[in-house]
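Topology and contacts: notes
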Amino acid sequence: MQSRIPKILLSLIFSAFCLSSSAQLKIGGDDSAKSNIPAIGSKPDSSLTKNNADSSNNNLNLSAPKEYEIAAAPTIIGAQHMDVAVLLLISGLTKGDKIQVPGTKITDAIKNIWKQGLFEDVQIYANRIEGKKIYLTIAVVEKPRLSKYTFIGLKKGEANKLRDEVKLVRGKVVTDFLLADIKQTIIQHFIDDGYSNVKLNIVEKPDTALGNSVVLYIYVERGERIKIQDIIFHGNKALSDGKLRRSMSETHRKRWYSIFHTSKMIPDNYTSDKDKIIAKYNSVGYRDAKIVKDTVYKSAVPNRVSIEITINEGNRYYFGNITWVGNTKYSSKMLANILGIKKGDIYNADLLNQRLTMNPNGTDVSSLYMDNGYLFFQVNPVEIKVHDDTIDLEMRIYEGNQARINNVTVTGNDKTSDKVIMRQIRTLPGDLFRRSDVIRTQRELGQLGYFDPEKMTVNPVPHPEDGTVDINYGVTEKSSDQIQLSGGWGGGLGFVGTAGITLKNFSAANMFTKDAWRPIPTGDGEQLSLQFQSDGLPYQSLNFTFVEPWVGGHKPNSLSFTFFTTTESNGDPTDNPARESINIKGISVGYGIPLKFPDDYFTLFQYINYQYYTVDNYGSEFIFANGVANSLSYKLQLTRNSADPNIYATYGSTIKLSGEWTPPWSSILNENVENETPDQKYNLLEFQKYKFTGAWYTNITNWVNKESQGKLAHNFVLYTYAGFGLMGDYNPEIGSCPFNRFYLGGSGLTGYSIIDGREIIAMRGYDDASLSPTTGAVAVAKYTMELRYPISLNASATVYVLGFIDAGNSWGSLAQFNPFSLYRAAGPGVRIFLPMFGLLGFDYGWRFDNVPSDLSMARSQFIFTIGSNLGAL
């Protein structure tokens, strides 16, 4: 669309006062305006000269401007969408103003309106003149507005992504700036994806169905993606080409083995990676290193480029003497020990800053002071001498006064009650400020699972004048509830469908409050779960759980209640005499108490569990064909959980040690079980069960997201796990309890309480329960190691890939237990967390060992899992 640029007219044509109807006189605007009044002085080559203008208007003297008063607010014509009052305000022409004709005010009025970019033409007319008063009309022609737009040359998915970026809406004025912005946004989108040769053309066509509107046809030809063929370095001696290439986190060569990296050529990433090359040199003492030349050129391979970088490494530097000045609270020796840098160590400015103020583990000099209330502490390392290759430093410290916490506030919790958040906060008014308490509070809030960890903020507002600090915790609510609709194979049951709902921030107190149902009452931090599984008549399972994390609201003591019922049968209806079935009903009540010793990551849980088994005509499939069994047990579990609360955990550990005991019924009742039938022998179940599990998360890399503050960096994490389970008896004549045994192998999808209360433990690469005796195991050992890497750390869609090694085995008697005699498997996998469905897992397991009881088992298999704990020991 070609815009018509208005020209400011320099003269005014006066109408004859004696005429009964006055003509409209144009005094400023475009020469091509549709008017029967000649434009005076509009173009240098105008045929209308000053002399003939004077002859037609005796009162007009172009060489002597005349002053007039605007008699009334100018009339606006042609403004269909813009507010008339706003347009008048922009023009600067108001009733009562004195203007010169010709003069700058008319010129400025047109310029002011024109530079809004909303009009194709702007003209100002004099309707009439009465003595010294003049009546004006401002005539505008609006630029067309957007009716609709379409992308041509792109697939639907790519076009939808661009729609989210260009943000075009119907009715938007189509200006030159808008068209330029569309082009820039689209081109940058493809450049960021490695397409550097994109071609773009925008065609406007009038929309015949809508007045003064246009349709934009956006033609896009993105071309081929440009990839990097090679990265070549010159001048590097201290660091090899490989080390320098590995320091470039986003710019990589095209190689078949680079499965975790792309080789796209993205200019912004390349610029950032050049800084990382220098940072790598700085980390090994070459603080003067610089890139003196770099070039990117087309490779001989089509759609590839090569990069050449020339480096001047400079000299290598070392730390010299380090002295401390201004420290009174802690000795120089103590501070030097925490710093951990000695004379002769390679100079590394990043390491120095980390040891002073930014150690993620909290073992830096700043943390030492801030954990004792010295919020206003500052340390400034000053280079006092550089001699040859050695740098002497002086650490200048300002300790300040200890700060106490004044006010603590929380913002952003639109759904979660203040009391739920405040009871997790470790920084209380009146306490000394401690940075470790702030960090722990962030962890505790993240552990709730109600808030987006990437958007959680801490804003301390210090008041040096009175030695206090206000702390504000900013949170952003995220969806923590889950709906489960899934299906899977397991436990010999064939296809099992699952439907369930988990509410992690429920409010039982508001259940009878009508306004709280939006759609369910939430905000009090209680957990409610309801799950149903079935494959039709042969199998049904219902599970209900409720957890109150703060019983009474004063102490973090948790109370839990669980009820479940499971039925497995041959599929016949209940009124059929041929029906064979087993039913398990169970309840569990638990009470958890947080401990302060050995540290406050420990929690002690106690449970009372009861299960009632009903066996009806179950034949050879079970221990006895008809009868009932009762299991009453007490369980004690000690847990230490210091793990990162995020779905993609990067640090910490979770350790659990538990014991479960039934009463020794045979000893209490002094029964002689020698001649009892199985249904009599197992009417009152007795066993003792012990389990240990430990999971550790270790960052393999420590990359920091410097480009986007607050966003989590993508780091490799090593996950290691070990678990052991042992089950014993009280009475050798009864032997090991046939219920509640361990079954190892497969996906573990069916979890717990199938048939006989068995625990099904996942072991990828092997069939379900294939690594245990058919009657179950009384001892089990399981080890796992996973190398994980995140694809997306978005709280609403966390995705990470992994490579795993599993090892495990189970035994039918305690005498056979050997934690080093193991079956092994390995393979890749992926985990996808969706707030509404939880953690979904897809793995491909390849087994290394044959199973003697099933030599025909497939060597490899795909595994689907749901949840992070299902199938765990």
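It should be noted that the structure appears before, not after, this text.
My aim in this report is to walk through the structure given alongside it, one point at a time. Note that the structure is a prediction, hence the values are computed from the model and not measured. Counting starts from 1 at the beginning of each chain's written sequence and moves along it residue by residue. A pLDDT threshold of at least 70 governs which residues receive local features in this predicted model, and a stricter bar of 80 or more applies before side-chain atom pairs are shown or counted, although totals over entire chains, interfaces and linings include all residues. To obtain the side-chain values, all non-hydrogen atoms of the structure were included, while hydrogens and water were left out.

Among the residues of helix 3 (residues 104-114), those classed as buried are Ile-106, Thr-107, Ala-109, Ile-110 and Ile-113. Summarising the axial view, the buried residues of helix 3 lie within an arc of 160 degrees, below the 170-degree limit, and thus occupy one face. When a residue's accessible area, from a 1.4 Å probe over protein chains only, is under 20% of the maximum for its type it is buried; when over 50% it is exposed; and in between it is partly exposed. Here a strand is any run of E in DSSP of at least two residues, a helix any run of H or I of at least four, and the numbering for each starts at the N terminus. Throughout, the arc means the angular range of directions from the helix axis out to the C-beta atoms.

A few words now on the pattern of salt bridges. For salt bridges, the criterion is a side-chain nitrogen of Lys or Arg within 4 Å of an Asp or Glu carboxyl oxygen. For the coordinates displayed, the defined rule picks out 27 salt bridges. A salt bridge links Arg-435 to Asp-364; the shortest N-O distance between them is 3.3 Å. Taken together, the positions of Arg-435 in helix 12 (residues 435-448) and Asp-364 in the loop between helix 9 (349-358) and helix 10 (365-370) put the pair 71 residues apart, joining distant regions of the chain. The buried category is assigned to Asp-364, whose relative accessible area is 1%. The partner of Glu-759 in a salt bridge is Lys-691, with the nearest N and O atoms 3.1 Å apart. Of this pair, Glu-759 sits in strand 32 (residues 758-761) while Lys-691 sits in strand 28 (residues 688-699), and the two are 68 residues apart along the sequence. Glu-759 sits in the buried class, given a relative accessible area of 10%.

Moving on, we get to the packing of helix 4 (residues 156-166) against helix 5 (residues 176-191). Fitted lines through C-alpha atoms give the axes, limited to the stretch in contact for helices. The angle between two N-to-C directions lies from 0 to 180 degrees. Interaxial distance between helix 4 and helix 5 falls to 10 Å at its minimum, and their mutual angle equals 125 degrees. Judged on the interaxial angle alone, helix 5 and helix 4 are oblique. The handedness of the crossing between helix 4 and helix 5 is right-handed. For the pair helix 4 and helix 5, the contacting residues are Glu-158, Lys-161, Leu-162, Glu-165 and Val-166 in the first and Thr-185, Ile-186, His-189 and Phe-190 in the second. Residue composition of the contact of helix 4 with helix 5, by class: four nonpolar, two polar and three charged. Geometric relationships in this document are graded by angle, where less than 35 degrees denotes roughly parallel, more than 145 denotes roughly antiparallel, 65 to 115 denotes roughly perpendicular, and other angles denote oblique. Note on convention: the crossing is left-handed when the near helix lies turned anticlockwise from the far helix by less than a right angle, right-handed when the turn is clockwise. A contact between two residues is defined here by any heavy atoms of the two lying within 4.5 Å. The classification used treats Ala, Val, Leu, Ile, Met, Phe, Trp, Tyr, Cys and Pro as nonpolar, Asp, Glu, Lys and Arg as charged, and all other residues, Gly among them, as polar.

Quick look at the environment of Asn-282 now. If you trace the backbone, Asn-282 turns up in helix 7 (residues 267-283). Take Asn-282: its relative accessible area is 23%, and that puts it in the partly exposed class. In this structure the C-alpha to C-alpha distance between Asn-282 and Tyr-317, which are 35 residues apart in sequence, comes to 9.4 Å. Beyond its immediate chain neighbours, meaning those up to four positions away, Asn-282 contacts Arg-287, Tyr-347 and Asn-348.

Generally, phi is negative for residues other than glycine and the peptide bonds are trans, each holding for most cases. The peptide bond linking Arg-518 to Pro-519 adopts the cis configuration, its omega dihedral lying at -10 degrees. Looking at where Pro-519 falls in the secondary structure, it is placed in the loop between strand 20 (495-506) and strand 21 (526-536). For the bond running from Phe-597 to Pro-598, omega is 0 degrees, close enough to zero to count as cis. With a phi close to 60 degrees, Asn-740 is a non-glycine residue in the positive phi region. For Asn-740, the position within the fold is in the loop between strand 29 (717-728) and strand 30 (742-744). With phi around 60 degrees, Ala-769 is a residue other than glycine that occupies positive phi space. Relative to the assigned elements, Ala-769 resides in the loop between strand 32 and strand 33 (779-794).

With that settled, consider the sheet that holds strand 8 (residues 199-206). Pairing between strands is defined by DSSP: at least two bridges between them are needed. If you walk across this open sheet you meet the three strands as 7-9-8, and the pairing is mixed. Because the sheet does not close on itself, it has two edges, and the strands there are strand 7 (145-152) and strand 8. Across the sheet, the mean angle separating the axes of adjacent strands is 20 degrees when strand polarity is ignored. Both strand 8 and strand 9 (residues 213-221) contribute to a ladder of eight bridges, which runs antiparallel. Its bridge partner lying in strand 9, Pro-206 is registered against Val-214.

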